[in-house]
Amino acid sequence: MTRPARVVVVGDVITDVVAVLSGPLAAGSDTGAAISLGGGGQAANTAAWVAAQRVDVTLVGAVGDDDAGRDRVAELERAGVDCAIERVEGAPTGTVIVLAADDERTMVSQRGANLRLSAAHVEQALAAAPGAGHLHLSAYTLLDAESRGAGLRALAAARERGLTISVDAASAAPLRRVGAAAFLSWVRDIDLLLVNADEATVLAGGLDPAAQGRALSATARRVVVKRGAAGAVWVDRTTPVCVAPASRVAVVDVTGAGDAFAAGLLTAWLAGATPAAALSRATDLGALAVSTAGARPQA
C-alpha cells in the first residue's frame, strides 16, 4: 500500500457535551451520568481520526469568534489537523448535547457558526491545501439550506481539481426532510458514499443492506452501509459485495464511532487496500471509538 495524499475534510466543528447515562433517562426527573465537554462535529471528528492514522489532513469549517471556537481549533491543531477555519462574528460555535446509553445516543444540536460556512471560504481552502488528493464531505453541510452552497461548492471544486470524493450521509432525519431524490442528485458520481442503516433506508428503502448498497451504487461508484454491531457492507459497480463483521468490544459511548469508521475506511482505501482490508480497518477504529467516552482519539 502507498501513503495517501492529503485528505481535505469539509463540515461541522462542534462542542460536544456528552452525558453517558447511568440508566434509562427519567423524563421530568434526575438521571445520573458521567458528563464531559470536548470537541465534536462529524467532520472535525473524522479529521482527528485521519490525523491519528498519520495521514495529512486539512479541516475546512467554521466556528464563532468566541472562546469555544478557539478551544476547538487549538485541540484539533494539537491532534495534528491542519485547520482552515472561518471565524464568524455574531454566531456561536456549534454545540451538541449528547445523551448516551448502551449502544444508542440522542443528540440535541445547535449548529451555530457551521451554518455560516461560505462557499468562498471552501474554495480558498481547497486551493490552498498542499498536495490534496481526496475530499471528504460531511453531509450535514448539504442538509441545511444555509450551508448547502458551501457543500455544493466543495463537491464542484474537488471535481474541478481531479480529487477523489467521499460523502458521509450524516443523519437520517435531515435526509428525510430534504428528500432522497434531492440528496442523491447532489452526490451523483462521487467515488464513495457512506450510510448507516437508517440513512440507507431513507435513501434506498427497506431492502437488505446489500440490496440497498446496489441501489445506491447507481449514484455513487462505491457504497458502504454501516450496520453498527452487525458490521458493514461494501458494494461497488465492478466487484462482488464484501461483508465485514464488527469487532466485539464493551460499549461505553457510541458518539463518533461512525466518524472513526470513516477515517479508518478512507485511509486504508486511499492507500490501496482491498475492500475487505479497508472494512477491517474501519471496524477496528469504530470499535476503538465506542470503547471510550467522547468522539475523538484518546491522547
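Under an unreviewed UniProt entry, the name given to the protein chain is Ribokinase, and the source organism is Micromonospora noduli.

Another point: the sheet that holds strand β3 (residues 33–40). Read across the sheet, 4 strands follow the order β3-β2-β6-β7 without closing on themselves; strand pairing throughout is mixed. Pairing within the sheet leaves two strands with one partner each, and these edge strands are β3 and β7 (104–110). The sheet shows a mean angle of 20° between the axes of neighbouring strands, taken without regard to direction.

A word on the pairing of strand β12 (residues 232–236). Burial of β12 is extensive: 5 of the 5 residues sit out of reach of the surface. Judged by which residues are buried, β12 turns out to be covered on both faces: Ala-232, Trp-234 and Asp-236 on one side and Val-233 and Val-235 on the other are all buried. In the sheet, strand β11 (residues 222–226) pairs with β12 via 5 bridges, with the strands oriented antiparallel. Counted as the bridge partner of Val-225 is Val-233 from β12. In sequence, β11 turns back onto β12 through a hairpin of 5 residues, with Gly-228 there showing a positive phi of about 60°. Looking at chain direction, β12 and strand β13 (residues 242–244) are connected through 3 bridges and run antiparallel.

The residue Val-8 is located in strand β1 (residues 6–10) in this model. In this structure, the C-alpha to C-alpha distance between Val-8 and Ser-29, residues 21 residues apart in sequence, is 44 Å.

Okay, the packing of helix α10 (residues 257–270) against helix α11 (residues 275–290) next. Where α10 meets α11, the closest approach of the two axes is 7 Å, and the angle between their N-to-C directions is 150°. By the angle between their axes, α10 is roughly antiparallel relative to α11. The handedness of the crossing between α10 and α11 is right-handed. Across the interface between the two elements, Ala-257, Ala-260, Phe-261, Ala-263, Gly-264, Leu-265, Ala-268 and Trp-269 of α10 pack against Ala-278, Leu-279, Arg-281, Ala-282, Thr-283, Leu-285, Gly-286, Ala-289 and Val-290 of α11. In terms of residue class, the contact of α10 with α11 is made up of 13 nonpolar, 3 polar and 1 charged.

Sheet architecture is open: 9 strands sit in the order β5-β4-β1-β8-β9-β10-β11-β12-β13, paired in mixed fashion. Each having just a single partner strand, β5 (82–88) and β13 make up the two edges of the open sheet. Here the strands of the sheet are splayed against their neighbours by 15° on average, with no regard to which way each runs. Here helix α5 (residues 148–160) sits on the sheet in contact with β1, β8 (132–138) and β9 (164–168), set at roughly 160° to β8.

Under the counting rule described, the total for this entry stands at 15 salt bridges. The partner of Asp-191 in a salt bridge is Arg-222, with the nearest N and O atoms 4.0 Å apart. Linking Asp-191 in the loop between α7 (180–186) and β10 (192–196) with Arg-222 in strand β11, this pair joins segments that are 31 residues apart in sequence.

As a further point, take the packing of helix α8 (residues 197–204) against helix α9 (residues 209–216). Where α8 contacts α9, the two axes come as close as 10 Å, and the packing angle between them is 55°. The orientation of α8 with respect to α9, classified from their angle, is oblique. Like other packed secondary-structure pairs, α8 and α9 cross with a definite hand, here left-handed. Touching Ala-197, Ala-200, Thr-201, Leu-203 and Ala-204 of α8 are Gln-212, Ala-215 and Leu-216, all from α9.

This part covers unusual backbone geometry. Even without a glycine there, the phi angle at Ala-170 is positive, about 85°. Among the secondary structure elements, Ala-170 is positioned in the loop between β9 and α6 (172–178). Of note in the backbone geometry, Asp-189 takes a positive phi value of approximately 65° without being a glycine. With respect to the secondary-structure elements, Asp-189 resides in the loop between α7 and β10.

The next subject is α5. With 13 residues, α5 should reach 18 Å at 1.5 Å per residue; the first-to-last C-alpha distance of 18 Å fits that figure. Residues of α5 that are buried: Arg-148, Ala-150, Gly-151, Ala-154, Leu-155, Ala-157 and Ala-158. Looking one or two residues beyond α5, the residue adopting positive phi is Gly-162, at roughly 75°.

Attention now moves to the nonpolar core. Of all hydrophobic cores here, the largest spans 48 residues; its most connected members are Val-10, Leu-135, Val-167, Phe-183 and Val-195. Broken down by element, the residue count for this core peaks at 5 residues, all from α5. Sequence-distant contacts of Phe-183, defined by excluding residues within four places in its chain, comprise Ala-139, Leu-142, Leu-143, Val-167, Ala-169, Leu-175, Val-178, Leu-193 and Leu-203. Ranked by size, the runner-up nonpolar core spans 25 residues in total, among them Val-9, Ala-47, Ala-51 and Val-73.

Note that Arg-148 resides in helix α5. Despite its burial, Arg-148 remains without a salt bridge, the nearest opposite charge being carried by Asp-144 at 6.4 Å. Residues within four places of Arg-148 in sequence aside, it is in contact with Thr-141, Leu-142, Leu-143, Val-178 and Trp-186.

About the cut-offs
Residues numbered from 1 in each chain as written. Predicted model: local features only at pLDDT ≥ 70, side-chain atom pairs only at ≥ 80, totals over all residues. Heavy atoms only, no water. Pairing = 2+ DSSP bridges. Helix = DSSP H or I, 4+ residues; strand = E, 2+ residues; numbered from the N terminus. Axes fitted to C-alpha atoms, helices over the stretch in contact; angles between N-to-C directions. Buried < 20%, exposed > 50% of the residue type's maximum accessible area, 1.4 Å probe, protein only. Parallel < 35°, antiparallel > 145°, perpendicular 65-115°, else oblique. Left-handed = near helix turned anticlockwise from the far one by under 90°. Contact = heavy atoms within 4.5 Å. Nonpolar A, V, L, I, M, F, W, Y, C, P; charged D, E, K, R; others polar. Salt bridge = Lys/Arg side-chain N within 4 Å of Asp/Glu carboxyl O. Expected span 1.5 Å × (residues − 1). Core = buried A, V, L, I, M, F, W, Y, C linked by side-chain atoms within 4.5 Å. Lys, Arg positive; Asp, Glu negative; His and termini not counted.

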